[in-house]
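Okay, here's what each chain looks like letter by letter:
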Amino acid sequence: MSEHLLSLMTFFPILGMFIVLLLPKDNGGLLKSATLVFTLITFAISFPLALDPVFKTSGGMHYTEFAEWISVGSYFHMNYSVGIDGISLWLVMLTTFIMPITILSTWQAVTKNVKGYMALMLLLETAMLGAFISLDLFLFYIFWELMLIPMYFMIGIWGGVNRIYAAVKFFIYTAVGSLLMLVAIMYIYYAAVNSGMNISGFSIADFYKLSLDPALQKWLFLAFALSFAIKVPMFPVHTWLPDAHTEAPTAGSVILAAVMLKMGTYGYVRFAMPLFPDALKQFLPYLAALAVIGIIYGALVAMMQKDVKKLVAYSSVSHLGFVMLGIFALNTVGVSGAVLQMVNHGISTGALFLIVGFIYERRHTRLISDFGGLAKQIPVFATIFMIITLSSIGVPGTNGFVGEFMILLGAFQSELRWFAVVSTSGVIIAAVYMLWMFQRVMFGKLENPKNQNLKDLSVREMCIMLPLLVFVFWIGVCPNTFLEKINPAVDQMIQQVTGEATPVYTSVIPAVAQEEQAPMHEQQH
Amino acid sequence: MENLVQTAMQNINFAAIMPSVILACFSMALLLINAFSRRGATAHVAWISLLAIATTAISTITAWNSPETGFAGHVVLDNFAVFFNCVFLVAAALTVLMSDAYLKREGYPVGEFYPLLLFCTVGAMIMASGTDLMTIFLGLEVLSVSLYILAGFFRGQKRSNEAGLKYFLLGAFSTGFLLYGMALIYGVTGTTNLVDIARFFAQFPEASTGVVAVAGMLLMSTGFLFKIAIAPFHMWTPDVYEGSPTPVTAFMSAAPKAAAFAAFMRIMLVSMGSMHGTWQSVLWVLAVLTMVMGNFVALNQSNLKRMLAYSSIAHAGYALVGLVAANEIGVSAVLYYMLAYAFMNIGAFGILVMIGKKGEENLTLDGFRGLGYKRPLLAVLLTICLFSLMGIPPSAGFSGKFYIFAGAVEAGYIWLAVLGVLNSAVSLYYYLRVMVYMYFRDAEEEFEWVKLLPGATACVVISVIAVLYMGILPGSIMALARQALF
């Protein structure tokens, strides 16, 4: 069982998709329930991963599976090679965890073509999980491209007024980047073959060992970096994001924000940086500068938005800038913080999009000026909104604080000290735009008569928000549960990138440091 | 005397042309059957055509790995020919499947359609097995003449007449170039046999750089590139594709193209191998030009048949990239891509056949509004074909492009690969636009005239299954393509 756990988890949703396709198309409730059950089972399948202590002690790949997939004569092998480490662990868990929540959120929001929607959601889950666990570049690319198809249709069919523009823009932006990456992938393959290395397929473990000419690395790195930068998105290739996020249906926005943007950051951590360490050194300051510009720019633009959903979308640009900064710090604190912040952003921003969705379902508008004084009318809603807002700002005690603090600390300790100093202003602006928005929507007088009959959260909506709230505080108060499994993998990644043995922890979290000093071989899996 | 006959018979070796003979006999029999059939009854002709194709396929496939040479080295039935024969037969079979109901709807239930289609296939097969310039030319003519008639098959329709006439005039012109080129090569080498030409150039390397040889090669290339519709010899394509009956367009975009590729590859790789520096640099430019031309003009098309015509120009450009690479993977990928393209493109045309009204005025983007909701199955099948044409995994189009560009990268043509993928990024836009109309816009019509025609449905379903199979497990077909060459 456990040796095929990852495959089972990845392909179970697609099995569910086929079953959903066979169900009658008029029975929306049945379709939604069935999809919910499939995503919950997927979560249950993935759950043992989260409990496995092996990630605390070893940063390598676990649960690996390998099978020959395509072999063409002597010159081409692609393998089905998957595995998971502390970095992908939490992204996988985030995916399987957020999927049932998004399905629940569609209960009233999606009424047309329910069958298609549910089938696409399940296809999307398989594609996302597959991309996170791929250890073969070719396999990764397949899943990476496959992800586009369901999201394209979700935005285009169930989206808002400008959905067609947003969907096509989303598709073309992402595909252009990834096509260049495809050429780079082919190039690495032949570089490896020509170097006389005994490689098995497009295995990244083999490609890590390759020492490419730095002049060449530059180009390959740029191809990868561009592709992932579009997905993250980094300034200045972020322009698809506000459109896509704003036009997508709630569940689509949640998945985009919570999981799909992480593909980009994850791509840097897993592929772009460890594969081309020399080129990374060359481009690091520029990329960090772009990250910082993204932080400030995203925050400033978010401040000026009239539409709540757009505001949340731009805040993503800013938050993802922090994640990138943490990754570029290249020390354990920074990168671990960034990985944690990926999860945090998934939870907080996912929750914000859900909240915007709740409001929109009630009022069919998202303009800040249409609201005001809602707090008295819908207190439970307001409370939860407040908590999520604070977590997005990064107030101590919530998840956002831990992540951003570690990122800034890591960046400050690295060569990027001044970048860190500048980006702190992003945190302040975040407080401004989030709280200002909250104030205009929730406080003041309830003047608009249309708002006077708003209903508070239903039981279903509470069920959606509560699990997210649990993690807001869990990560905020006790981040070690997560960090202790992230750190070993991050150390390994940094070692790969910098070529140096792991530095001794200058850890914010002493518990992790102590555990790390314990003998490594005690808990061999 | 007896001895002489015996040697001659041995030299002939009918096994080498068996598939063509079988198919030609069937075609002629079909012509006779037509003559004695009731007017307007074509279903039985279609069935017999499928039988003919199946029989030919069996006789072709049995020749796999047991090459036969015949007619004193004028024809050969090697793995290369077998692979291409299969591509032609697949294309012909799929076309036959979609044709019957279509011909009735358009008011031309004429049985001669099928024998003509089969004669085209015979011509294509001769081209693929020809190892002599004359044989190749013979095959090309059999193919072309039947195809001219097919393009103008709807004799009462102006567009179809225009297509037939245009194709004929320009085709005849390009054949002139081809023959002139062949004559020049003969003038230099004194032979029309491909292997002998190669031997001559190997013996006298300085001859291969001479003006006459190079001019001959370029003129000959012009003839083939015209048939493949490589820019700047592509001008005929959009009008002919748009005006021809849809099944003919489907066939034309797959089989004759593949046949011209087969002959071109054999000539270039076998005879002109020593001149590859010259032709590679020419083809490099033409490949880029073709991809750019095809994709950028396709952006602006609102008629789907015309759009697919331009996209087929672009796809020929991708395939040419594999030939420019001229290495093991690149060339095998060309073979693979021909088969993949036959499936994905004919599949798409099969759906057009079902959606078109009589006269096909409605095959514009607007005519596809809301198809996804009114006819979900057809829309999904078309979507899969379009994703494959785009080159999105997991589809045959993706794996084909992957191997082609991988070949280019391996051969060091990085820029060609980059330009290729950027071009396929451009193509995303116009393929996506079809989906925009099918899914993102509300239906204005009920599509009540659209019926799941059994033949066309079978054609599309087979194509889609093949597209997905070649996308998910491309290894086996790619291995066959490789064995066809090496």
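Up top is the structure these notes are about.
Calculation criteria
Residues numbered from 1 in each chain as written. Chains lettered and ligands numbered in written order. Predicted model: local features only at pLDDT ≥ 70, side-chain atom pairs only at ≥ 80, totals over all residues. Helix = DSSP H or I, 4+ residues; strand = E, 2+ residues; numbered from the N terminus. Rg over C-alpha atoms; globule rule 2.2 N^0.38 Å. Buried ≥ 20, exposed ≤ 12 C-beta atoms within 10 Å, placed from the backbone. Contact = placed C-beta atoms within 7 Å. Axes fitted to C-alpha atoms, helices over the stretch in contact; angles between N-to-C directions. Parallel < 35°, antiparallel > 145°, perpendicular 65-115°, else oblique. Nonpolar A, V, L, I, M, F, W, Y, C, P; charged D, E, K, R; others polar. Expected span 1.5 Å × (residues − 1).

A. Quick peek at the overall build of chain A. A count of helices and strands for chain A gives 22 helices and two strands. Taken over C-alpha atoms, the radius of gyration comes to 22 Å for chain A, in line with the 24 Å a tight globule of 525 residues would show. Buried residues in chain A amount to 58% of all 525 residues. Once local pairs closer than 6 in sequence are excluded, the contacts in chain A between residues at least 24 apart make up 80%.

B. Spatial organisation of the environment of Phe177(B). All names here are of chain B. Checked against the element boundaries, phenylalanine 177 lands in helix 7 (residues 158-189). By C-beta crowding, phenylalanine 177 is classed as partly exposed, having 19 other C-beta atoms within 10 Å. Distance in space between the C-alpha atoms of phenylalanine 177 and serine 221 is 8.6 Å, their sequence separation being 44 residues. Contacts of phenylalanine 177, omitting those with residues within four sequence positions, involve Leu219, Thr222 and Gly223.

C. Fine view of the packing of helix 10 (residues 214-231) of chain A against helix 12 (residues 250-275) of chain A. Residues and elements named next belong to chain A. Taken N-terminus to C-terminus, the directions of helix 10 and helix 12 make an angle of 155°; their axes are 7 Å apart at the nearest point. Between helix 10 and helix 12, the crossing angle belongs to the class labelled roughly antiparallel. Packed against helix 10, whose contacting residues are Phe221, Phe224, Ala225, Phe228, Ala229 and Lys231, the element helix 12 presents Leu261, Met263, Gly264, Gly267, Tyr268, Phe271 and Ala272 at the interface. Classifying every residue of the contact of helix 10 with helix 12 by side-chain character gives ten nonpolar, two polar and one charged.

D. Local environment of the packing of helix 18 (residues 396-410) of chain B against helix 20 (residues 454-472) of chain B. Residues and elements named next belong to chain B. Direction vectors running N to C along helix 18 and helix 20 enclose 45°, while the axes themselves pass 6 Å from each other. When the interaxial angle is binned, helix 18 and helix 20 end up oblique. On the side of helix 18, the interface is formed by Ala396, Phe398 and Ser399, while helix 20 contributes Ala466, Val467, Met470 and Gly471. The residue makeup of the contact of helix 18 with helix 20, split by class, is five nonpolar, two polar and no charged.

E. Quick look at helix 17 (residues 376-390) of chain B. Residue and element names in this part refer to chain B. Under the 1.5 Å per step criterion, the end-to-end length of helix 17 is 20 Å for 15 residues, consistent within 8% with the ideal 21 Å. Extensive coverage of helix 17 is indicated by the burial of twelve of its 15 residues. Considered for burial, the residues of helix 17 that qualify are Leu378, Ala379, Leu381, Leu382, Thr383, Ile384, Cys385, Leu386, Phe387, Ser388, Leu389 and Met390. Phi turns positive one or two residues past the end of helix 17, at glycine 391, with a value near 90°.

F. Just the interface of chain B and chain A, in detail. Contacts between the two partners involve 28 residues from chain B and, on the opposite side, 27 residues from chain A. Sorting the residues of the side of chain B that touches chain A by element identifies helix 15 (328-355), helix 18, helix 19 (414-440) and helix 21 (475-483) of chain B as the ones contributing at least two each. Ranked by residues supplied to the side of chain B that touches chain A, first place goes to helix 19 of chain B with twelve residues. Here the side of chain B that touches chain A is built from residues that sort into 23 nonpolar, two polar and three charged.

G. Local environment of the environment of Pro214(A). All names here are of chain A. Following the sequence through the fold, proline 214 ends up in helix 10. Sequence-wise, proline 214 and aspartate 370 are 156 residues apart; in three dimensions their C-alpha atoms are separated by 55 Å. Aside from chain neighbours lying at most four places away, what touches proline 214 is Asp278 and Ala279.

H. Region of the structure containing helix 7 of chain B. Residue and element names in this part refer to chain B. The end-to-end C-alpha distance of helix 7 is 46 Å, a good match for the 46 Å that 32 residues give at a rise of 1.5 Å each. Of all the residues in helix 7, the buried ones are Ser160, Ala163, Gly164, Tyr167, Gly171, Leu178, Gly181, Met182, Leu184, Ile185, Val188 and Thr189. Lining the buried residues of helix 7 we find helix 6 (133-151), helix 8 (194-203), helix 9 (205-208), helix 10 (211-228) and helix 11 (237-243). Where helix 7 terminates, the next one or two residues include glycine 190, which has phi positive at roughly 75°.

I. Representation of unusual backbone geometry within the structure. In this structure, the amide linkage connecting Phe235(A) to the following residue, Pro236(A), adopts the cis form with an omega of 0°. Among the structural elements, Pro236(A) can be located in the loop between helix 10 and helix 11 (240-247). Of the consecutive residues Pro393(B) and Pro394(B), the connecting peptide bond is found in the cis state with omega at -5°. With respect to the element layout, Pro394(B) can be found in the loop between helix 17 and helix 18. In the Ramachandran plot, Ala229(B) falls in the positive-phi region, its phi being about 70° despite a non-glycine side chain. The topology assignment puts Ala229(B) in the loop between helix 10 and helix 11. Accessibility expressed as a C-beta count within 10 Å gives 30 for Ala229(B), which makes it buried. For Ala326(B), which is not glycine, the phi dihedral falls at a positive 50°.

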